[in-house]
Amino acid sequence: MPKLLLIGWDAADWKIINPLIDEGLMPHLKQLTERGVVGNLATLDPPFSPMLWTTIATGKRPYKHGVLGFSEPHPNGKDVRPVLSTSRKTKTLWNIFTQCGLKTHVVGWWPSHPAEPINGISISNFYQRGKKNENKPWYGLSPNSVFPANQAKRFSDLLLEPQDLAKSDFEFFVPGIDKLDENGMKRLESIGRVTADCASIYQAGMDIIQKEEWDFVAVYFDAIDHYCHGFMKYHPPKRPHIPENEYQAFKDVVRNGYRLHDALLGNILSEIGDDVTVMLISDHGFQPDHLRPKKIPREPAGPAAEHSQYGVFCLAGKGIKKDELIYGASLLDITPTILTVMGLPVGEDMDGKVLTAAFEEAPIPVYIPSWDEVPGEAGMHKITDQTAQEPDEQDEEVLKQLADLGYIDPVDDNKEVAYKKTKIECDYNLARAYLDGGKLDEAKEILEKLYAEYPTQGRFAFRLASLLQLKGQHEEARKIISGLRETETFDEKALDLVEAGLLIGENKGKEALSILKKLEGKIAPEESRLYLQLSKCYLQLNRLEAAEEMLLKELEVDFDQPEVHRLLGMTLLSDGRFSEASGAFLDSLALNYYQPMTHFHLGQALFNNGDYEAAASAYEMSLRFQPELNAARKQLIYIYDKQLDKPEKAIEHAQKFAEINDKNGTVVIVSGLPRSGTSLMMQAIHAGGMEVFVDEERPADENNKKGYYEHQLVKKIARNKTWISDAVGKGVKVISHLVQHLPARYKYKIIFMERHLSEITRSQQKMLKRLGKETTESNEKINAPLYIKFGEHLRDIKSWLEDQPHIEVCYVNYNEMINNPAGEAARVNNFLGKTLNVDKMSAVVDMELYREKTGILMVNGKR
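An account of the accompanying structure is given in this report. In this text the structure is predicted, and so the values were computed from the model without any measurement.

Considering the packing of helix 26 (residues 596–608) against helix 27 (residues 612–625)
The axes of two packed helices give the description: the angle between them and the distance between them.
Right, so step 1: Put simply, helix 26 and helix 27 touch, their axes get as near as 8 Å, and they point 165° apart. Viewed along their axes, helix 26 and helix 27 adopt a mutual orientation that is roughly antiparallel. The element helix 26 and its partner helix 27 pack so that their crossing is left-handed. When helix 26 is examined against helix 27, the residues Pro596, His599, Phe600, Leu602, Gly603, Gln604, Leu606 and Phe607 are found in contact with a partner set consisting of Tyr612, Ala614, Ala615, Ala618, Tyr619, Met621, Ser622 and Phe625.
Right, so step 2: Its residues assigned to classes, the contact of helix 26 with helix 27 shows 12 nonpolar, 4 polar and no charged.

Describing the side chain of Thr58
Right, so step 1: With respect to the secondary-structure elements, Thr58 resides in helix 3 (residues 49–58).
Right, so step 2: At a separation of 2.8 Å, a polar atom in the side chain of Thr58 contacts the main-chain carbonyl oxygen of Thr54.

Quick word on helix 8 (residues 182–211)
Right, so step 1: Its 30 residues give helix 8 an end-to-end C-alpha distance of 43 Å, which sits within 8% of 44 Å, the value for a rise of 1.5 Å per residue.
Right, so step 2: Taking the backbone nitrogen of Asn183 as reference, a side-chain oxygen 3.2 Å away marks Asp181 as the first, capping residue of helix 8.

Some thoughts on unusual backbone geometry
Right, so step 1: Omega for the bond connecting His113 with Pro114 falls within 30 degrees of zero, at 0°, which places this linkage in the cis form.
Right, so step 2: Relative to the elements of secondary structure, Pro114 occurs in the loop between strand 5 (104–107) and strand 6 (122–123).
Right, so step 3: The peptide bond linking Phe147 to Pro148 adopts the cis configuration, its omega dihedral lying at 0°.
Right, so step 4: Positionally, Pro148 belongs in the loop between strand 7 (146–147) and helix 6 (152–156).
Right, so step 5: For Ala11, which is not glycine, the phi torsion reads 75° and is therefore positive.

Examining the sheet that holds strand 19 (residues 747–754)
Right, so step 1: A sheet is described by the order of its strands in space; here 4 strands give the open sequence 18-17-19-20, paired in parallel fashion. Strand pairing shows two members of the sheet lacking a second neighbour, strand 18 (731–733) and strand 20 (807–813), which therefore form its edges. Neighbour-to-neighbour, the strand axes of the sheet open up by a mean angle of 25°, direction not taken into account.
Right, so step 2: Pairing analysis gives 6 bridges linking strand 17 (residues 666–671) to strand 19, with the strands arranged parallel. The residue of strand 19 that forms the bridge with Val668 is Lys749.
Right, so step 3: Against the sheet, helix 34 (residues 821–831) touches strand 19 and strand 20, its axis set at about 180° to strand 20.

Rules of the game
Residues numbered from 1 in each chain as written. Predicted model: local features only at pLDDT ≥ 70, side-chain atom pairs only at ≥ 80, totals over all residues. Heavy atoms only, no water. Axes fitted to C-alpha atoms, helices over the stretch in contact; angles between N-to-C directions. Helix = DSSP H or I, 4+ residues; strand = E, 2+ residues; numbered from the N terminus. Parallel < 35°, antiparallel > 145°, perpendicular 65-115°, else oblique. Left-handed = near helix turned anticlockwise from the far one by under 90°. Contact = heavy atoms within 4.5 Å. Nonpolar A, V, L, I, M, F, W, Y, C, P; charged D, E, K, R; others polar. Polar contact = N/O pair within 3.5 Å; in protein donor to acceptor, adjacent residues only side chain to side chain. Expected span 1.5 Å × (residues − 1). Pairing = 2+ DSSP bridges.

Laid out in structure tokens, this is it:
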């Protein structure tokens, strides 16, 4: 059986580590990286340690594992408590290993109190808060902080407190301690507390590694995060607002905190054999450069603004590649990868993947539905035994420390108020977790409730507005922003940025560009993502060169933005630079692998470059993350059938394609060129009894006296397809130029309206004139280039429709509909399954509205 050691360094960041390695100051980590694989580890939102470390240990997102912050409402319905091991709703690695009979130990994991009765030793995150004293219960330790309980004295003896540190220990961090003033001494005290806690965890972990049998050990250190929150503002280079004397005193605290961890790592590695697999990770990073925020948001867990989105990942051991980089790793992947290393199956309900690229011989992961469904003793507490406990002094002490660190607001003396505040934070964190996991409807339900109760809380309002924008509900989002403007308590520049984002979402790039140009020079690019927003405007205006310039500027500000690399790839793809586009998409995926559409677009770039094998791999990966992405299946069917001679794979995808279409249902589409009779057909099917997907954004007017029967979201289908699910079983108008954007995971019945092009173009000219738009065309002539372009478009779209296995088409001639409404209505009704009232359908035809009649084509005045 393999042995695995998992070491957690909260907030460790390669941006700090790599320079220290280059200086020779972290030799032990360097040695570990050279005999294994390393890479970034993408974090989740919200980036709060208890939530993230629980995700690491379970392979599941917070809405599955149940840990939703630093504190939580007590089950008694009136108090507040720190998050506990009993807050978790699913098994961790150590529970799974206990169930499998493996000797398992865990030290200091957050949250792990009360210590769980696993097959080994469990030391909770309350352990280092104790004060050793043989005359007190539990020898000064927090009750239930050690399992088995008879080991309490052993680990109490290993505790270190700040007074146990020597002067030289403090001077390691702050050489001139004798020159510190009163405020400086308080900061020194915090260094002592953090360092003593770190040493206590180290000694407990080492004692277990040296003296116990083990298959798996997990040790968690939180000291780097504390050193960084307390002293990153002094980290070189010096920033103008930092006093010189403070800078000189504390500038080396962070780097020497890393050096301490490297020394401890070296001691641990010296105690284990080469046959032990070692994984060292962090849950997120910490901004050490120009991206450091100058101010911390005044909200609970505000200090998390100092975090960066990538932690560290290092894996070394037998069967692991040597001295190589690994891309696209996420916190979600840790548990599946460890289970695979240990020869155990992965739960299908886990949200991550096995990092197969780390292995010399890529393993084929084995899966079971869920480890939670596997019976047997797993070393988890019976929830009812723990939730009934009333808060104790230790809970209050931990809550006070969390408040002092800025992770939570100080607990209100009024219990009712404190309980309500804590419930709000947990709900908000849950909404953010849903958003991060792509569950927009679940997030929207929570955020709407929070916003309704607290409309002036900017974080709720901004988050809800962003979500509504994602769903294409721009007017609803704009109402929220307008409400914030009326309060006069929010920065107008921030609100203007949001307004520009809404305009971009509405495909109004020109209007958004005007706002953003006025903001240039007034806002910091690193805080506003200004260049990114500008690039989106230029993309909408098809100014590819300008878009590329802005994206490259944004990467100069912060290279580690997957969205910027993705957009750069889209820009290059649109420009026909397929090799460069592939590189940009790969850069994006290296930072965040969980992007199904980026894998899809990578497939497009590779396909256009003639690299069919790689394109197929990219399309397959997009389906792994989004199985209903039938657009990828369409491409794979073609590649496997026509390019790679793998007919069995083509058949497999074709069958799955059909299954997904059947499951998702059918959407009825009324299509054709504008002014081809699409509104008339929408009126007909609606009158016949079909529900239609429309809004009231565009009222009836002289051009369409009975209404347009359209929905504004349809215009945005190229960027937002979320509304399609709401149109299943309904009729929706989609002009022919947008039909190719229909997602392939649904079946469609398309009623395609046809009409004399001469009538269409003249009708369009008159409509433009009625709307007060400029037009150079007379009513008697037809512009030949426009006429030809429409004709080419119709030929192209009809050819495309013939190749779509999920689309059925019924072509309806507008002129026939006018002349024989009953016959055409009956034909449409047969096409739609004979469920409509034909008489009511035909009754909507009004001959008086047939205003552009012609049977003769005129081009520039000639017959």
